[in-house]
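Secondary and tertiary structure notes
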Amino acid sequence: MKITVDMNLCESHGQCVFAAPEVFSFDDDDYLLYDAEPDPALYAKVPQAAAACPVRAILVEGTP
């Protein structure tokens, strides 16, 4: 699984962080950080986090 976030679309709503905090987080300046290739144990949470994004800035490829 590979995650890509379009930072031109991201508005830092944080819904992905709430849905999958092991994969998505904010730095001290509220800039989104994410694990582009998360652990397989987290695969179930990633599509939910992407779906929660109100601006659809998260692309998930290779979803099992």
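Computed from a prediction, not measured in an experiment: that's the story for all the values here.

What counts and how
- Residues numbered from 1 in each chain as written.
- Predicted model: local features only at pLDDT ≥ 70, side-chain atom pairs only at ≥ 80, totals over all residues.
- Heavy atoms only, no water.
- Salt bridge = Lys/Arg side-chain N within 4 Å of Asp/Glu carboxyl O.
- Helix = DSSP H or I, 4+ residues; strand = E, 2+ residues; numbered from the N terminus.
- Buried < 20%, exposed > 50% of the residue type's maximum accessible area, 1.4 Å probe, protein only.
- Core = buried A, V, L, I, M, F, W, Y, C linked by side-chain atoms within 4.5 Å.
- Disulfide = S-S within 2.5 Å.

Unlike most non-glycine residues, Ser12 shows phi in positive territory, near 55°. One non-glycine residue, Asp30, adopts positive backbone phi at about 60°.

Moving on: the pattern of salt bridges. Per the stated rule, a full pass over the model turns up 1 salt bridge. Note that Glu22 and Lys45 form a salt bridge whose closest N and O atoms lie 2.7 Å from each other. With Glu22 in the loop between helix 1 (15–19) and strand 2 (24–26) and Lys45 in helix 2 (residues 45–52), this residue pair connects regions lying 23 residues apart in the sequence. Under the relative-accessibility criterion, Glu22 is labelled partly exposed at 44%.

Another point: the nonpolar core. Of all hydrophobic cores here, the largest spans 17 residues; its most connected members are Ile3, Val5, Cys16, Val23, Phe24 and Ile58. When residues of this core are traced back to their parent elements, those giving at least two are strand 1 (2–5), helix 1, helix 2 and strand 4 (58–61). The leading source of residues in this core is helix 2, at 3 residues.

Throughout the structure, instances matching the rule amount to 0 disulfides. Free cysteine Cys10: the closest other cysteine sulfur is in Cys53, separated by 6.4 Å. On the basis of relative accessible area, Cys10 is assigned to the partly exposed category, the value being 21%. Unpaired in this structure, Cys16 has its nearest cysteine sulfur neighbour in Cys10, at a distance of 6.5 Å. On the accessibility criterion, Cys16 (7% relative accessible area) is buried.

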